Amino acid sequence: MILHNDPSFLIYFGDKKDRCVKSDLKTTKEYLLQLKENLKLKSLIFLNQVHRNFGLCLKDENQINGNLSLFEQNGDFLITNLRNVGIGVVTADCLPIVLYDPIKQVVCVIHAGWRGSVADIIDNAINEMEINFNVTAENLVAYIGACAGACCYEVGRNFTKNLENYNFAHELFIQKNGIFFNLTELNKRLLLNRGILLKNIHTQYNVCTICSSNFHSYRGDNKTDYRQATIVALK
Ligand SMILES: [Zn+2]
């Protein structure tokens, strides 16, 4: 696990040691409750992820059910300005994206698989940040976590049709002994298109979940039920 510890916020980037199990909510909740204690968070919120393009904005403590609100509502991004409230996503090949606004002190976490990405989840999340907190995209700082990398993410020829509407589509695929997809590049392009500055997109935590043995990988581990968590919280 990596803890990105900023004076104003922290990001937990989990790995294979995480015990989040998609089919076993009890084990997952017990694990995340412990993680909440370890990170000294007041509350911890995860949504029931559905690979769509909507999410939830938490502005009021009353929106939070107890200290651990897990998988009770559908959605693939969370936004908050509440301090010590951890918001998280679980992934195993999809891309976790964290956004932070240092001016308005707002954080966001996004579960960005290709489906959510092409359905404009990044746009929708930033729209919500603008509407609710008057955030400006060019102030946002993005941190992207581990996901299936272009080194290993092989797709069929038909898959490329999902992205053919982007004018940068040809840059998302690498032709080797098959076609390989660059999920990171897709999301980086979408962040840039939405007004995030290149210097504010931090990629040092973006390693490949498939060929690194440190991560749960849906594709690499025979459709594993395990996920790693990404959590961001304002201090
Ligand atoms: Zn790889």
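Given the structure is predicted, the values throughout are model-derived calculations rather than measurements.

Enquirer: Would you mind showing me how to read the overall build of the protein chain here?
Expert: Along the backbone of the protein chain there are four helices and 16 strands. Since a compact globule built from 235 residues should have a radius of gyration of about 18 Å, the 17 Å found for the protein chain is in line with a globular shape. Referenced to the eigenvectors of the C-alpha coordinate spread, the extents of the protein chain come out at roughly 50 × 40 × 30 Å. Scored against the burial criterion, the 235 residues of the protein chain give a buried share of 42%.

Enquirer: Got a minute to help me understand the sheet that holds strand 5 (residues 56-58) in this structure?
Expert: Spatially, six strands are ordered 5-7-10-9-11-15 in an open sheet, and the strand pairing comes out mixed. Because the sheet does not close on itself, it has two edges, and the strands there are strand 5 and strand 15 (201-202). Examined bridge by bridge, strand 9 (residues 95-101) and strand 10 (residues 106-112) share seven bridges and lie antiparallel to one another. Looking at strand 10, one finds that Pro 96 is bridged to His 111. Here helix 4 (residues 183-193) sits on the sheet and contacts strand 9, strand 10, strand 11 (141-144) and strand 15; the angle it forms with strand 9, its principal contact strand, is near 25 degrees.

Enquirer: Can you help me understand the environment of Val 89 in this one?
Expert: Within the secondary structure layout, Val 89 lies in strand 8 (residues 85-91). By the C-beta count within 10 Å, which is 28 here, Val 89 ends up buried. For Val 89, the residues in contact, after removing those within four places along its chain, are Phe 46, Gln 49, Pro 96, Val 109, His 111 and Thr 230.

Enquirer: I tried to follow the environment of Asn 165 on my own but got confused; where do I start?
Expert: When you line up the elements, Asn 165 lands in the loop between strand 12 (154-155) and strand 13 (173-175). The spatial distance from the C-alpha of Asn 165 to the C-alpha of Val 118 is 9.6 Å, given a sequence separation of 47 residues.

Enquirer: Please clarify how the pairing of strand 8 should be interpreted in this entry.
Expert: Burial runs high along strand 8: seven of the seven residues are buried. Relative to strand 8, strand 4 (residues 43-48) runs parallel, the two sharing four bridges. Bridged to Leu 44 within strand 8 is Gly 86. Of the strand pairs in this sheet, strand 8 and strand 16 (residues 226-234) are connected by five bridges, and their pairing is antiparallel. When the sheet's bridge partners are listed, Gly 88 is paired in strand 16 with Ile 231.

Enquirer: Which parts of the structure should I look at to understand helix 3 (residues 121-133)?
Expert: For an α-helix the count is 3.6 residues per turn, leaving residues at separations of three or four pointing the same way. Given a rise of 1.5 Å per residue, 13 residues ought to cover 18 Å, and the 18 Å separating the end C-alpha atoms of helix 3 matches this to within 8%. Listed as buried for helix 3 are Ile 121, Ile 122, Ala 125, Ile 126, Glu 128 and Met 129. Buried positions in helix 3, seen along its axis, are confined to an arc of 150 degrees and lie on one side of it.

Enquirer: Help me out: how do you make sense of the sheet that holds strand 13 in this one?
Expert: Sheet strands associate in pairs through backbone hydrogen bonding, adopting either a parallel or an antiparallel arrangement. In space, the three strands of this open sheet follow the order 12-14-13, with antiparallel pairing throughout. In this open sheet, the two edge strands, each paired with only one partner strand, are strand 12 and strand 13. Here two bridges tie strand 12 to strand 14 (residues 179-181), and the two strands are oriented antiparallel to one another. Bridge pairing links Glu 154 to Phe 180 in strand 14.

Enquirer: Got a minute to help me understand helix 1 (residues 25-38) in this structure?
Expert: Taking 1.5 Å per residue, 14 residues should reach 20 Å; helix 1 reaches 20 Å between its end C-alpha atoms and fits that length. Those residues of helix 1 not exposed but buried are Thr 28, Leu 32 and Leu 35. Considered in projection along helix 1, the buried side chains sweep an arc of 55 degrees and stay on one side of the axis. Exposed positions of helix 1 whose direction lies more than 90 degrees from the buried face are Lys 26, Glu 30, Gln 34 and Glu 37. Following helix 1 by one or two positions, Lys 40 adopts a phi angle in the positive range, close to 55 degrees.

The rules behind each value
- Along each chain, residues carry numbers from 1 onward, in the same order as the chain's sequence is written.
- Residue-level local features of this predicted model are given only where pLDDT is at least 70; pairs of side-chain atoms are given and counted only at 80 or more, and the full residue set underlies all totals for whole chains, interfaces and linings.
- Strands are runs of DSSP state E lasting at least 2 residues, helices are runs of H or I lasting at least 4, and numbering of each runs from the N terminus.
- In this description the radius of gyration comes from C-alpha coordinates, and the expected globular size is given by 2.2 Å times residues to the power 0.38.
- Any residue whose C-beta has 12 or fewer other C-beta atoms within 10 Å is treated as exposed, any with 20 or more as buried, and any in between as partly exposed, C-beta atoms being built from the backbone.
- In this analysis, strands are considered paired if DSSP registers two or more bridges between them.
- Any two residues are considered in contact once their C-beta atoms, placed from the backbone, lie within 7 Å.
- Each axis is a line fitted through C-alpha atoms, and for a helix only the stretch in contact is used; angles between axes span 0 to 180 degrees, taken between their N-to-C directions.
- Expected helix span is given by 1.5 Å per residue-to-residue step, counting one fewer step than there are residues.
- Think of the arc as the fan of directions from the helix axis to the C-beta atoms.

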